[in-house]
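# Structural overview for review
One-letter residues, chain by chain:
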Amino acid sequence: MKPIRKAVFPVAGLGTRFLPATKAIPKEMLPIVDRPLIQYAVDEAREAGIEQMIFVTGRGKSAIEDHFDIAFELEKTMAERGKSLEVLEPTRLGPGNCAYVRQQEPLGLGHAIWCARAIVGDEPFAIFLPDEFMVGSPGCMKQMVEAYNRLGGNLISVLEVPRETVSSYGVIAPGARDGDITEVTGLVEKPKVEDAPSNLIISGRYILQPEVMRTLESQEKGAGGEIQLTDAMARMIGTQPFHAVTFAGKRYDCGSKAGYVQANLAIALGRDDMGAEIRAFALDLLK
Ligand code: UTP
């Protein structure tokens, strides 16, 4: 079984739900306290043993490339002033550890992944949607890689949501269940509540076999007029093993404003340097 060495981060979406904040700043650069969303996703990939980060970017996303580059003037000035550069350590991705590819038009998540096909090559790979913010120890991808090492094939992370909210997500049809692993027998993107096969939604982390790229090649537009990754994966069920992993941690949907604010509050409350101050403030505010 080939190990998971590469991760694709699709970051070419328009982020319209966060306008005007995302007019000139990529959604993925919005911070949770003091770290951008994309940094958390890259850290999660590293924790899972992934070595190469592939970013599918678009116009207006150059801040992401700058974030993972050396900031020469900043670092020189900080060093001269005797300031520690430790905080910048995780932001450095050397040339061997990152690659950028452009999605010229935002034609959908499936299309964004397909844009990375030449760099992914013929090996299984991970996908991270950075606006799905996963908090836990071990991290979501580490948990998935461990499951992959036992099961192989294709894996997606899932979580249970109230049934009336499923229409915003990709939903799985569940088969046999064994602990945190559920067999996937079908997949549908943004179903109507009455048509949804379950209330288990895909939550932004995948491990897929390279054959998905060939499937995406011929994928027609689906929900929202976009080329959907879920539709391509659905066509692979039956030809390859497909399992869902229920993440043992917490997930915040930072593509939505409420989820983003909740994530900031939760992380701030858990921090040693500010937790007590934020707790006192929140309690006072709620009085
Ligand atoms: P979303 O569905 O959250 O879309 O994409 P979006 O454009 O980022 O945000 P809204 O809905 O307009 O507010 C899920 C992920 O897929 C990427 C996004 O960057 C995000 O990480 N994506 C989506 C692409 O890279 N390309 C696309 O064509 C669509």
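What this report covers is the structure whose coordinates are included nearby. In this text the structure is predicted, and so the values were computed from the model without any measurement. (Residues numbered from 1 in each chain as written. Predicted model: local features only at pLDDT ≥ 70, side-chain atom pairs only at ≥ 80, totals over all residues. Heavy atoms only, no water.)

## A closer look at the site of the ligand
The full set close to the ligand counts 18 residues, and Thr-16, Arg-17, Lys-27, Gln-103 and Gly-108 are the nearest of them. Here Gly-13 contributes a backbone N or O atom positioned 2.9 Å from an oxygen atom of the ligand. Here Gly-108 contributes a backbone N or O atom positioned 2.7 Å from an oxygen atom of the ligand. Alone, the ligand offers 570 Å² of accessible surface; in the complex the protein occludes 84% of this. (Near = heavy atom within 4 Å. Polar contact = N/O pair within 3.5 Å; in protein donor to acceptor, adjacent residues only side chain to side chain. Areas by Shrake-Rupley, 256 points an atom, 1.4 Å probe, with all protein chains shown as cover.)

## Let's talk about helix 9 (residues 257-270)
When the terminal C-alpha atoms of helix 9 are compared, their 20 Å separation across 14 residues agrees well with the 20 Å that a helix rising 1.5 Å per residue should span. Of all the residues in helix 9, the buried ones are Gly-259, Tyr-260, Ala-263, Asn-264, Ile-267 and Ala-268. For helix 9, the angular spread of buried residues about the axis comes to 160°, placing them on one side. If you follow the buried residues of helix 9, they end up packed against strand 2 (31-32), helix 1 (37-47), strand 7 (132-135), strand 13 (250-253) and helix 10 (275-286). (Helix = DSSP H or I, 4+ residues; strand = E, 2+ residues; numbered from the N terminus. Expected span 1.5 Å × (residues − 1). Buried < 20%, exposed > 50% of the residue type's maximum accessible area, 1.4 Å probe, protein only. Arc of directions from axis to C-beta. Contact = heavy atoms within 4.5 Å.)

## Quick notes on the environment of Lys-61
Mapped onto the elements of the fold, Lys-61 is located in the loop between strand 4 (52-57) and helix 2 (62-67). A C-alpha to C-alpha distance of 26 Å links Lys-61 and Gly-49, two positions twelve residues apart in sequence.

## Description of the packing of helix 9 against helix 10
Between helix 9 and helix 10, the shortest axis-to-axis distance is 6 Å and the interhelical angle comes to 125°. With respect to each other, helix 9 and helix 10 are oriented oblique. Of helix 10, the residues touching helix 9 (which contributes Leu-265, Ala-268 and Leu-269) are Gly-275, Ile-278 and Arg-279. For the contact of helix 9 with helix 10, a count of residues per class yields four nonpolar, one polar and one charged. (Axes fitted to C-alpha atoms, helices over the stretch in contact; angles between N-to-C directions. Parallel < 35°, antiparallel > 145°, perpendicular 65-115°, else oblique. Nonpolar A, V, L, I, M, F, W, Y, C, P; charged D, E, K, R; others polar.)

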